[in-house]
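Listed below, chain by chain, are the residues.
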Amino acid sequence: MDQPRIEQARKLVTEIPGPRSRDLWERRTRAIPAGVGTTLPIFVERAYGGIVEDVDGNRLIDLGAGIAVVNVGHAHPAVAAAIAEQAAKFVHTCFQVTPYDGYVEVCEQLNERTPGTHEKRSFLVNSGAEGVENAVKIARAATGRPAIIAFDQAFHGRTLLALSLTAKVVPYKRSFGPYAPEVYRAPYSYPYRGAGGLAESIAWIEASVDASQVACVVVEPIAGEGGFVVPEPGWFAGIAQWCRANGVVFVADEVQTGFGRTGAWFASEHEDVVPDVVVTAKGLGGGMPIAGVTGRSEIMDAVHVGGLGSTFGGNPVSCAAALAAIDVIEKEELVDRALHLGERMLARLTALQRETTGVGDVRGRGAMVAMELVHDDGTPDAERAKQICASCHEQGVIVLTAGTMGNVVRLLPPLVLDEALLDQGLDALDAAVRG
Ligand SMILES: *Cc1c(COP(=O)(O)O)cnc(C)c1O
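Residues numbered from 1 in each chain as written. Predicted model: local features only at pLDDT ≥ 70, side-chain atom pairs only at ≥ 80, totals over all residues. Heavy atoms only, no water.

Overview of the overall build of the protein chain
And step 1. On a plain count of helices and strands, the protein chain comes out with 14 helices and 15 strands.
And step 2. Compactness check: the protein chain gives a C-alpha radius of gyration of 21 Å against a globular reference of 22 Å for 435 residues, within 12% of the reference.
And step 3. Along the first, second and third principal axes, the C-alpha atoms of the protein chain reach 60 × 60 × 45 Å.
And step 4. Across the protein chain, contacts joining residues at least 24 apart in sequence account for 73% of those joining residues at least 6 apart.
And step 5. Surface exposure of the protein chain reaches about 17,700 Å², of which carbon and sulfur atoms provide 53%.
And step 6. Averaging the locations of the 38 positively and 53 negatively charged side chains of the protein chain gives two centres separated by 4 Å. (Helix = DSSP H or I, 4+ residues; strand = E, 2+ residues; numbered from the N terminus. Rg over C-alpha atoms; globule rule 2.2 N^0.38 Å. Contact = heavy atoms within 4.5 Å. Areas by Shrake-Rupley, 256 points an atom, 1.4 Å probe, with all protein chains shown as cover. Lys, Arg positive; Asp, Glu negative; His and termini not counted. Charge placed at Lys NZ, Arg CZ, Asp CG, Glu CD.)

A word on the packing of aromatic side chains
And step 1. Taken as a whole, this structure holds eleven aromatic pairs when the rule is applied.
And step 2. Arranged with centres 5.6 Å apart and planes meeting at 65 degrees, the rings of Phe-90 and Tyr-100 form a pair that is edge-to-face. Placement of the pair is Phe-90 in the loop between helix 3 (77–89) and helix 4 (101–113) and Tyr-100 in the loop between helix 3 and helix 4, with a sequence separation of ten residues.
And step 3. Relative accessible area serves as the criterion here: at 9%, Tyr-100 is assigned to the buried category.
And step 4. When the centroid spacing of 6.3 Å and the interplanar angle of 80 degrees are considered together, the rings of Tyr-100 and Tyr-103 count as edge-to-face.
And step 5. Tyr-103 sits in the buried class, given a relative accessible area of 7%.
And step 6. Ring-pair connections join several aromatic residues into one group, and the members of that group are Phe-90, Phe-95, Tyr-100 and Tyr-103. (Phe/Tyr/Trp six-rings, centres within 6.5 Å; stacked < 30°, edge-to-face > 60°. Buried < 20%, exposed > 50% of the residue type's maximum accessible area, 1.4 Å probe, protein only.)

Comments concerning the sheet that holds strand 11 (residues 359–365)
And step 1. Pairing is antiparallel in the open sheet, where four strands are placed in the order 11-12-15-14. With partners counted over all chains shown, the strands left at the sheet margins are strand 11 and strand 14 (400–402), one partner each. Taking the axes of each pair of neighbouring strands and ignoring which way they run, one obtains an average angle of 30 degrees across the sheet.
And step 2. Across four bridges, the pairing between strand 12 (residues 368–373) and strand 15 (residues 408–411) is antiparallel. Residue pairing for strand 15: Val-369 is matched across the bridge by Leu-411.
And step 3. On top of the sheet, helix 12 (residues 334–355) reaches strand 11, strand 12 and strand 15; it is set at about 170 degrees to strand 11, its chief contact.
And step 4. Its contacts with the sheet place helix 14 (residues 419–434) against strand 11, strand 12 and strand 15, and it is angled at close to 170 degrees to strand 15. (Pairing = 2+ DSSP bridges. Axes fitted to C-alpha atoms, helices over the stretch in contact; angles between N-to-C directions.)

Quick notes on the domain arrangement of the protein chain
And step 1. One can read the domain layout of the protein chain as domain 1 (19–75 + 333–434) and domain 2 (80–331).
And step 2. Distance between the C-alpha centres of domain 1 and domain 2: 25 Å.
And step 3. Opposite the 39 residues of domain 1 that make contact, domain 2 presents 33 residues.
And step 4. The largest contributions to the domain 1 side of the interface with domain 2 come from Arg-365, Met-368 and Thr-404, which together make up 26% of the buried area.
And step 5. Our count for the domain 1 to domain 2 interface comes out at two salt bridges.
And step 6. The salt bridge involving Arg-410 is made with Glu-225; its shortest N-O contact spans 3.0 Å. (Domains from an automatic or database assignment. Buried area = accessible area lost by both parts, 1.4 Å probe. Salt bridge = Lys/Arg side-chain N within 4 Å of Asp/Glu carboxyl O.)

Quick word on unusual backbone geometry
Glycine aside, residues mostly have negative phi, and peptide bonds are mostly found in the trans state.
And step 1. Residue Ile-16 is joined to Pro-17 through a cis peptide bond whose omega torsion reads -5 degrees.
And step 2. Along the polypeptide, Pro-17 turns up in the segment before helix 1 (19–31).
And step 3. Going from Gly-177 to Pro-178, the amide bond is cis rather than trans, its omega being 5 degrees.
And step 4. Structurally, Pro-178 is set in the loop between helix 7 (169–173) and strand 6 (183–186).
And step 5. The backbone of Ala-65 shows a phi angle near 55 degrees, a positive value even though the residue is not glycine.
And step 6. Relative to the helices and strands, Ala-65 is located in helix 2 (residues 65–68).
And step 7. For Ser-175, which is not glycine, the phi torsion reads 65 degrees and is therefore positive.

Some thoughts on the nonpolar core
Grouped burial of nonpolar side chains is what soluble globular proteins tend to show.
And step 1. Val-106, Met-371, Ile-388 and Leu-429 are the most contacted members of the largest nonpolar core, which totals 85 residues.
And step 2. With ten residues, helix 11 (residues 316–331) is the largest single contributor of residues to this core.
And step 3. Each of two domains, domain 1 (19–75 + 333–434) and domain 2 (80–331), supplies a minimum of three residues to this core.
And step 4. Ranked by size, the runner-up nonpolar core spans 25 residues in total, among them Val-214, Trp-235, Phe-250 and Val-273. (Core = buried A, V, L, I, M, F, W, Y, C linked by side-chain atoms within 4.5 Å.)

A short note on the site of the ligand
And step 1. By nearness alone, every residue bordering the ligand is listed as Ser-127, Gly-128, Ala-129, Phe-155, His-156, Gly-157, Glu-220, Asp-253, Val-255, Gln-256 and Lys-282.
And step 2. Measuring from an oxygen atom of the ligand, one finds a backbone N or O atom of Ala-129 at 2.8 Å.
And step 3. Interatomic distance of 2.7 Å between a side-chain N/O atom of Asp-253 and a nitrogen atom of the ligand.
And step 4. Here the ligand, which alone exposes 380 Å², has 82% of that area covered by the protein.
And step 5. Of the residues in the shell around the ligand, the class split is three nonpolar, five polar and three charged. (Near = heavy atom within 4 Å. Polar contact = N/O pair within 3.5 Å; in protein donor to acceptor, adjacent residues only side chain to side chain. Nonpolar A, V, L, I, M, F, W, Y, C, P; charged D, E, K, R; others polar.)

Observations regarding the sheet that holds strand 13 (residues 397–398)
And step 1. Reading across from one edge, 1-2-3-13 is the order of the four strands in this open sheet, with mixed pairing throughout. Only two strands of the sheet have a single partner each, and these edge strands are strand 1 (44–48) and strand 13.
And step 2. Pairing of strand 2 (residues 51–54) with strand 3 (residues 59–62), which is carried by three bridges, proceeds in the antiparallel orientation. Bridge pairing in strand 3 links Val-52 to Leu-60.

Okay, here's the thing in structure tokens:
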């Protein structure tokens, strides 16, 4: 079957959202609880590369990549073909019942590509949250200790333990407690806000919990939902060093930063950090749901037989998609492309910061770039971030907000995005900011 390809150009034929999307929105509100939020209520008909086409025939430039998932672009032909081929062979057996080679191959790829040349093991689950939960289970089994340290600005998912590690209350945590015990939260390095230097973070950890009781630190190399906060140089490595000195498992949550997004296969590499355990998901499957937990073999093998698993985890179709996506990242040199796109985005955002008011900070690494909106006194301006996004949406450009205070506009396009399209997307953002 031929892949339906869509010309890589923006096209607006109705207002956004158009009449068909508005009809579907009516049905959606009757069928689906309001608790499931929506960034942009256009309903998708198809998507290809860096373009999303809605049911009204509008074609939007995607600067969100389904939240850092379709790093290889929407419906990459190699990924779509791998999915179709695998689906025709078999769709599910459950790896714990009767295994298959795709799962093994994805784990070999993860072992090979994650930082460090030590012996590793990987296993596969369905989502970032499930990956984080399993990383904690493994760290507890390996250390025999209960406590977990997480940070301000952290996002680790929405299941109970992952949500206990997540920092942001609204919308994620409000009314869902009580949360899992033995979670301690330390300041994350946030250079723009002058918060959480390495010494401060470590002093805070040591004052809050006995290090001998800590199983693991769970930390993002760059805070994703937290607002693309890049820690000060040396902070991430310093936390890893503290873990090593105290027998604590260092878990890098690379769910959003992995698979080329930051201009490296994994963002830990920018700090020359070799984590004990790496959690991956979003970009891994080229759009299909799959997540990985990869770690030192002595840590990963600490769990008893049968202690790890998941009915759907490492589904054969998802594995086929992941292998194809990894191959695309390699062959199309998307890691380098992330750097290139990132430079273009940073340049435009930096100009906006210089030439307008209210853009307090511009930051990011590779194709993970954001700007933080503030009032004159430096306090967060979430309303402005929302307005800017709304204006981009009206102009046919998908952008997302982020930030613990909701005052960040983040750009994380598919890494295959045409430069011309990126520039058009940035023109829309420019117009939105200059108002
Ligand atoms: C998205 C995300 C998660 C949660 O992933 P899900 O697949 O939504 O469960 C965990 N950690 C980070 C850093 C994320 O960005």
